[in-house]
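# Structural overview for review
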Amino acid sequence: MQLHLYQINAFTDHLFSGNPACVVPLSEWLPDDLLLKIARENAVAETAFFVDKDHSFHLRWFTPEMEMDLCGHATLAAAHALRDIRKHQGKNIIFDTLSGELVVTAENGSYTLNLPARNPGPTVLPELLKKSLNIQPREVLKARDYVLVYEDEQEVRNIEINRTYFDQLELGTGGVIVTAKGKDCDFVSRFFTPKASVFEDPVTGSAHCSLTPYWSEKLNKQELQARQLSQRGGRLFCKNLEDRIEVRGSARTYAIGKLWTE
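Residues numbered from 1 in each chain as written. Predicted model: local features only at pLDDT ≥ 70, side-chain atom pairs only at ≥ 80, totals over all residues. Heavy atoms only, no water.

Turning our eyes to something else, we now look at helix α6 (residues 208–219). Along α6, 9 of the 12 residues are buried, which leaves the element largely enclosed by surrounding structure. Taken together, the buried positions of α6 are occupied by His208, Cys209, Ser210, Leu211, Thr212, Pro213, Tyr214, Trp215 and Ser216. (Buried < 20%, exposed > 50% of the residue type's maximum accessible area, 1.4 Å probe, protein only. Helix = DSSP H or I, 4+ residues; strand = E, 2+ residues; numbered from the N terminus.)

Right, here's the structure in full:
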């Protein structure tokens, strides 16, 4: 079987930055084990697969290790593939997903994702996570992901993870966010996933489902600018909507090709 494949850099307007995702359109769903094999072969943080449902698209996300419950950057990449490459008409693109209906609005060269808010609550730092950190956080919270709040941006930049301890954590589809107030933006973050082939995610849209409501309350602002301090880097524009959030960013197509499943 021959399939189309698009590789797109999300949350950036420059090539070789942002978070790369592969997007594979399907006419019907393939077996889950084959979708996972394709994601492993693509070897990026996420591969998005979608099937056209007339008025919406059924969208699923796979890392090289598992199916995810939510992925922001691969959703943005899928919207960009539909709008920019496949010439989807209309400003709004509706995705049916494991996290419910997600609407992406394409306008003026950027994409606004409407995502569920995941407000993190106070929790205790697991011993394995504590041992893995070279700098201890001043605040520990959790929703799907652990949210570790630090004193300032430099501490976030200086975080080093000991994977001997970190990779023993069992977080399911979750990860660990480290965050602080930013110098030239409202807040910064980094994102790490235990046992993942892509250990530090370049730009994590879904992490901002927790970061947006947290920093919105702390800074008393509904609209915030955020930066993810990975090597590739990315910039996000966030808006707090109580039980929902909006995350806006750009995307660039890196490659268009085909893949074969046998």
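Moving on from the model shown.
Turning our attention to the nonpolar core. Formed by 48 residues in total, the largest nonpolar core has its most connected members in Val23, Trp61, Phe95, Tyr111 and Leu115. Among the elements that make up this core, the one with the highest residue count is helix α2 (residues 72–85) (7 residues). (Core = buried A, V, L, I, M, F, W, Y, C linked by side-chain atoms within 4.5 Å.)

Taken together, the side chains of Leu15, Phe16 and Tyr254 present a nonpolar region at the surface, about 330 Å² in accessible area. Exposure remark for Tyr254: the relative accessible area of 44% places this residue in the partly exposed category. (Patch = residues over 30% accessible without salt bridge, like charges linked within 9 Å, V, L, I, M, F, W, Y side chains within 5 Å. Areas by Shrake-Rupley, 256 points an atom, 1.4 Å probe, with all protein chains shown as cover. Salt bridge = Lys/Arg side-chain N within 4 Å of Asp/Glu carboxyl O.)

The next point concerns the side chain of Asn9. Relative to the helices and strands, Asn9 resides in strand β1 (residues 2–10). With residues up to four places along the chain from it excluded, the contact list for Asn9 reads His14, Leu15, Phe16, Ser17, Asn19, Pro20, Arg232, Ser250, Ala251, Arg252 and Tyr254. (Contact = heavy atoms within 4.5 Å.)

Locating Thr123 in the fold gives a position in the loop between β9 (121–122) and α3 (127–132). The exposure class of Thr123 is partly exposed, given its relative accessible area of 32%. Considered as a pair, Thr123 and Val140 are 17 residues apart in the sequence and their alpha carbons are 5.9 Å apart. When sequence neighbours within four positions are dropped, the list of residues in contact with Thr123 reads Val140, Leu141, Lys142 and Tyr146.

Inspection of the secondary structure puts Arg244 in strand β17 (residues 244–249). For the pair Arg244 and Arg118, spaced 126 residues apart in sequence, the C-alpha to C-alpha distance is 8.3 Å. A polar atom in the side chain of Arg244 sits 2.7 Å from the side chain of Asn114. (Polar contact = N/O pair within 3.5 Å; in protein donor to acceptor, adjacent residues only side chain to side chain.)

Another point: helix α1 (residues 32–42). Taken residue by residue, α1 has Leu35, Leu36, Ile38, Ala39 and Asn42 as its buried positions. Looking straight down α1, one finds its buried side chains confined to an arc of 160°; they lie on one side. The outward face of α1, more than 90 degrees from its buried face, is lined by the exposed residues Lys37 and Glu41. Next to the buried residues of α1 lie β1, β2 (19–26), β3 (46–52), β4 (57–62) and β18 (251–260). With its phi angle positive at about 60°, Ala43 sits one or two positions after the end of α1. (Arc of directions from axis to C-beta.)

If you check the backbone angles, Phe16 has positive phi at about 65° while not being a glycine. Position of Phe16 relative to the elements: it lies in the loop between β1 and β2. The exposure class of Phe16 is exposed, given its relative accessible area of 63%. For Glu242, which is not glycine, the phi torsion reads 70° and is therefore positive.

Time to look at the pattern of salt bridges. The tally for this structure, following the rule as stated, stands at 14 salt bridges. Asp145 serves as the salt-bridge partner of Arg144, at 3.0 Å between the closest nitrogen and oxygen. We note that Arg144, like Asp145, is buried. Linking Arg190 and Glu200 is a salt bridge whose minimum nitrogen-to-oxygen distance equals 2.8 Å. Highlighted residues: Arg190 in strand β13 (residues 187–192) and Glu200 in strand β14 (residues 200–201), separated in sequence by 10 residues.

Bringing the packing of aromatic side chains into the picture now. Here a ring pair, both rings aromatic, is described through the centre-centre distance and the interplanar angle of the planes. Tallying each qualifying case throughout the model produces 8 aromatic pairs. Between Phe57 and Phe95 the ring centres are 6.2 Å apart and the planes differ by 50°, which places this aromatic pair in the tilted class. Of this pair, Phe57 sits in strand β4 while Phe95 sits in strand β6 (residues 92–97), and the two are 38 residues apart along the sequence. Grouping residues by exposure puts Phe57 and Phe95 together as buried. Between Phe192 and Phe199 the ring centres are 5.4 Å apart and the planes differ by 50°, which places this aromatic pair in the tilted class. With respect to class, Phe192 is no different from Phe199; both count as buried. Here the aromatic residues Phe50, Phe57 and Phe95 are joined through ring pairs into a cluster of three or more. Residue placement shows Arg60 over the ring face of Trp29; its charged tip is 5.0 Å from the ring centre. (Phe/Tyr/Trp six-rings, centres within 6.5 Å; stacked < 30°, edge-to-face > 60°. Lys NZ or Arg CZ within 6 Å of the ring centre and 35° of its normal.)

To continue, consider the pairing of strand β8 (residues 110–116). Of all 7 residues making up β8, 6 are buried, and the element is well covered by its neighbours. Looking at chain direction, strand β7 (residues 100–107) and β8 are connected through 5 bridges and run antiparallel. Bridge pairing in β8 links Ala106 to Tyr111. In textbook terms, the turn of a hairpin is the stretch between consecutive antiparallel strands, and for β7 and β8 this stretch comprises 2 residues, one of which, Asn108, has a positive phi near 55°. Note: β8 against β17, 6 bridges, orientation antiparallel. For Asn114, the partnering residue across the bridge sits in β17 and is Glu246. (Pairing = 2+ DSSP bridges.)

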